[in-house]
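Topology and contacts: notes
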Amino acid sequence: MKTPNISKEEVLNAFNYRHATKVFDTDKKLTEEDINFILKTANLSPSSFGFEPWHFVVVQDKELRELLKPVAWGAPDKLDTASHFILGLSMKAPMTKWDADYIMHMMKDIKQFPKDVIEMYSNFYKTFQESDFNLDTDKKLFDWASKQTYIALGNMMTVAALQGIDSCPIEGFHQEKAETLLKEKFNIDTDKYGLSFMVAFGYRKENPPHPKTRRVLEDIVTWK
């Protein structure tokens, strides 16, 4: 495995280039290699305890995209024009509670921990949920899982920008109505998964009308 050697200038250029693209060029599409590369970076993203509480649905079917429009007020232009449109799902309490079958599967089958490590890890995770973070409701557990899924979102958008690929993260949707649709039309088990975000990928139709604006670094960083 090689040590990364991407210049700081290249990285900052990508961050300055990236913007929330509202309308994409329908004549330009990502290749299968491109979208799989972006998804692989989601797959390699870090998560708390390494439990990967996420799932990503790539919506390319035009009829399914049309069904999303009434429940996602922030998405219609992207649904019409984006090369690829992804739903970011996060696991709900039945999947992420410390004693859930999925958690045991991750430790035993994916991480391949020995029995004594599984017991130790389970105790750490239980304490984390019950005491350290007080994740004592289903809503809190879902919000915690969403925080992990957003790490994957950030990584996907960053690596896309590094490749000159545009993106737009979307939270403009009615969560309850959207999840009902996912259950009825997308065959998603919404007892296990909830919708955290949508994100569109493609190539901008035109450059943004205004330069990127941000607070100065000194306003957001405190050194002690």
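Residues numbered from 1 in each chain as written. Predicted model: local features only at pLDDT ≥ 70, side-chain atom pairs only at ≥ 80, totals over all residues. Heavy atoms only, no water.

Turning next to the overall build of the chain. From N to C terminus, the chain includes ten helices and four strands. Each helix (α) and strand (β) of the chain, taken in turn from the N terminus, gives the series α-α-β-α-α-β-α-α-α-α-β-α-β-α. When its C-alpha atoms are laid out on the principal axes, the chain stretches across 55 × 50 × 35 Å. With 224 residues in all, the chain has 42% of them scored as buried. The contacts in the chain between residues at least 6 apart in sequence include a share of 80% that link residues at least 24 apart. (Helix = DSSP H or I, 4+ residues; strand = E, 2+ residues; numbered from the N terminus. Buried < 20%, exposed > 50% of the residue type's maximum accessible area, 1.4 Å probe, protein only. Contact = heavy atoms within 4.5 Å.)

The next subject is the side chain of Ser 196. Turning to its location among the elements, Ser 196 is positioned in strand S4 (residues 193-202). Setting aside residues up to four positions removed in sequence, Ser 196 forms contacts with Gly 88, Ser 90, Phe 142, Ser 146, Tyr 150, Glu 171 and Phe 173.

Quick look at the packing of aromatic side chains now. Tallied over the full model, the rule gives 13 aromatic pairs. Between Phe 49 and Tyr 121 the ring centres are 5.8 Å apart and the planes differ by 90°, which places this aromatic pair in the edge-to-face class. On the criterion of sequence distance, the pair formed by Phe 49 in the loop between helix H2 (32-43) and strand S1 (54-58) and Tyr 121 in helix H7 (residues 115-132) is long-range, its members being 72 residues apart. With 4.8 Å between their ring centres and 70° between their planes, Phe 51 and Tyr 125 make a pair best called edge-to-face. Of the two residues, Phe 51 is situated in the loop between H2 and S1 and Tyr 125 in helix H7; the sequence distance between them amounts to 74 residues. Taken individually, Phe 51 and Tyr 125 each receive the classification buried, so the pair is uniform in this respect. Taken together, the aromatic side chains of Phe 49, Phe 51, Phe 113, Tyr 121, Tyr 125, Phe 128, Phe 133 and Trp 144 make up a single cluster linked through ring pairs. (Phe/Tyr/Trp six-rings, centres within 6.5 Å; stacked < 30°, edge-to-face > 60°.)

So, about the pairing of strand S3 (residues 166-170). In regular strands, side chains alternate between the two faces of the sheet. The element S3 is extensively covered by neighbouring structure, given that four of its five residues are classed as buried. Taken together, the five bridges between S3 and S4 define a ladder with antiparallel strand orientation. Within the sheet, the bridge partner assigned to Cys 168 lies in S4 and is Ala 200. (Pairing = 2+ DSSP bridges.)

Let us now look at the sheet that holds S3. Read from one edge to the other, the open sheet built from four strands follows the order S1-S2-S4-S3, with strand pairing classed as antiparallel. The open sheet terminates on both sides in strands that have one partner only, identified here as S1 and S3. The mean inter-strand angle of the sheet, taken between neighbouring strand axes irrespective of direction, is 25°. One ladder, built from eight bridges, connects strand S2 (residues 84-91) with S4; its direction is antiparallel. Considered in S4, the bridge of Met 91 is made with Tyr 193. The strands that helix H9 (residues 175-185) touches are S2 and S4; relative to S4, the one it contacts most, it runs at about 85°. (Axes fitted to C-alpha atoms, helices over the stretch in contact; angles between N-to-C directions.)

With that settled, the discussion passes to helix H8 (residues 138-162). Here H8 contains 25 residues, and its C-alpha end-to-end distance of 37 Å stays within 8% of the 36 Å for a straight helix at 1.5 Å per residue. A positive phi of about 75° marks Gly 164, the residue just after H8. (Expected span 1.5 Å × (residues − 1).)

The tally for this structure, following the rule as stated, stands at six salt bridges. Notably, a salt bridge pairs Asp 80 with Lys 69, separated by 2.5 Å at the nearest N-O pair. Linking Asp 80 in helix H4 (residues 76-81) with Lys 69 in the loop between helix H3 (62-68) and H4, this pair joins segments that are eleven residues apart in sequence. The exposure class assigned to Asp 80 is partly exposed, which follows from its relative accessible area of 46%. With a relative accessible area of 19%, Lys 69 lands in the buried category. For Lys 140, the salt bridge goes to Asp 136, with nearest N and O atoms at 3.0 Å. For Lys 140, a relative accessible area of 37% puts it in the partly exposed group. (Salt bridge = Lys/Arg side-chain N within 4 Å of Asp/Glu carboxyl O.)

Turning our eyes to something else, we now look at a nonpolar patch on the surface. Together, Leu 217, Ile 220, Val 221 and Trp 223 make up an exposed nonpolar region whose accessible area comes to about 500 Å². Mapped onto the fold, Trp 223 is located in the segment after helix H10 (217-220). Overall, Trp 223 belongs to the exposed group, its relative accessible area being 78%. (Patch = residues over 30% accessible without salt bridge, like charges linked within 9 Å, V, L, I, M, F, W, Y side chains within 5 Å. Areas by Shrake-Rupley, 256 points an atom, 1.4 Å probe, with all protein chains shown as cover.)

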